[in-house]
Amino acid sequence: AAAADDAALSVPDRPSDLQQSAIDALRDAPDFDALYLQQLRRGLEEHLGELRRFAEGGEAPALRAYAVDAAKTLEDGRATIRALEAAATEGTEAGRALH
């Protein structure tokens, strides 16, 4: 999509300070699974918002189409995260497997 729109993209070679802080928090977390799901959900929501904004107002048509498709994929991921959180909270077999 980037090539189709002649868009220049850069990919960082290391985590941002915020990302590194999240990684460090996981290392020391008393309940790794709960914190991981929380971080995963928060990151997904942030990225979903960015994708939606770009899908609605981005200037690059191919990237805008990609953002629409990627947002649909993240919506599916959101449902999966919610199911995992519910299972962990309810103490179901899936929830017990998380702990």
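Note: the structure precedes this text.
Source: prediction; values computed, not measured.

Turning to the overall build of the chain, a few remarks are in order. Looking only at helices and strands, the chain has 4 helices and 0 strands in total. Secondary structure elements of the chain, listed N to C terminal, follow the sequence α-α-α-α. For 99 residues, the compact-globule estimate of 2.2 N^0.38 gives 13 Å, and the chain exceeds it by more than 25% at 17 Å. The principal-axis extent of the C-alpha atoms belonging to the chain is close to 50 × 25 × 15 Å. In the chain, which comprises 99 residues, the proportion classed as buried is 21%. Counting only carbon and sulfur atoms, one obtains 54% of the accessible surface of the chain, whose full area is about 7300 Å². Counting 11 positive and 19 negative side-chain charges, the chain places the centres of these two groups 3 Å from one another.

The next thing to look at is the pattern of salt bridges. Using the criterion set out here, one finds 5 salt bridges in the structure. Linking E45 and R78 is a salt bridge whose minimum nitrogen-to-oxygen distance equals 2.7 Å. Of the two residues, E45 is situated in helix α2 (residues 32–57) and R78 in helix α3 (residues 61–90); the sequence distance between them amounts to 33 residues. Overall, R78 belongs to the buried group, its relative accessible area being 15%.

Turning our eyes to something else, we now look at the environment of L48. Within the element layout of this structure, L48 appears in helix α2. A C-alpha to C-alpha distance of 9.4 Å links L48 and T73, two positions 25 residues apart in sequence. Excluding residues within four positions of it along the chain, L48 makes contact with A71, L74, E75 and R78.

Looking now at the side chain of Q39. Along the chain, Q39 falls in helix α2. Sequence-distant contacts of Q39, that is, excluding residues within four places in its chain, are made with A22, A25 and L26.

L48, L51, A55, A67, A70 and A71 form the largest nonpolar core, which has 6 residues in total. Counting only elements with at least two residues in this core, the list comes to α2 and α3.

Here we take up a nonpolar patch on the surface. Taken together, the side chains of F32, Y36 and L40 make up a nonpolar region of the molecular surface, amounting to roughly 270 Å² of accessible area. In this structure, F32 sits in helix α2. Residue classification places F32 among the partly exposed positions, given a relative accessible area of 41%.

Bringing unusual backbone geometry into the picture now. Its identity is not glycine, yet D6 carries a phi of approximately 50°, on the positive side. Assignment of secondary structure puts D6 in the segment before α1 (17–27).

Rules and cut-offs
Residues numbered from 1 in each chain as written. Predicted model: local features only at pLDDT ≥ 70, side-chain atom pairs only at ≥ 80, totals over all residues. Heavy atoms only, no water. Helix = DSSP H or I, 4+ residues; strand = E, 2+ residues; numbered from the N terminus. Rg over C-alpha atoms; globule rule 2.2 N^0.38 Å. Buried < 20%, exposed > 50% of the residue type's maximum accessible area, 1.4 Å probe, protein only. Areas by Shrake-Rupley, 256 points an atom, 1.4 Å probe, with all protein chains shown as cover. Lys, Arg positive; Asp, Glu negative; His and termini not counted. Charge placed at Lys NZ, Arg CZ, Asp CG, Glu CD. Salt bridge = Lys/Arg side-chain N within 4 Å of Asp/Glu carboxyl O. Contact = heavy atoms within 4.5 Å. Core = buried A, V, L, I, M, F, W, Y, C linked by side-chain atoms within 4.5 Å. Patch = residues over 30% accessible without salt bridge, like charges linked within 9 Å, V, L, I, M, F, W, Y side chains within 5 Å.

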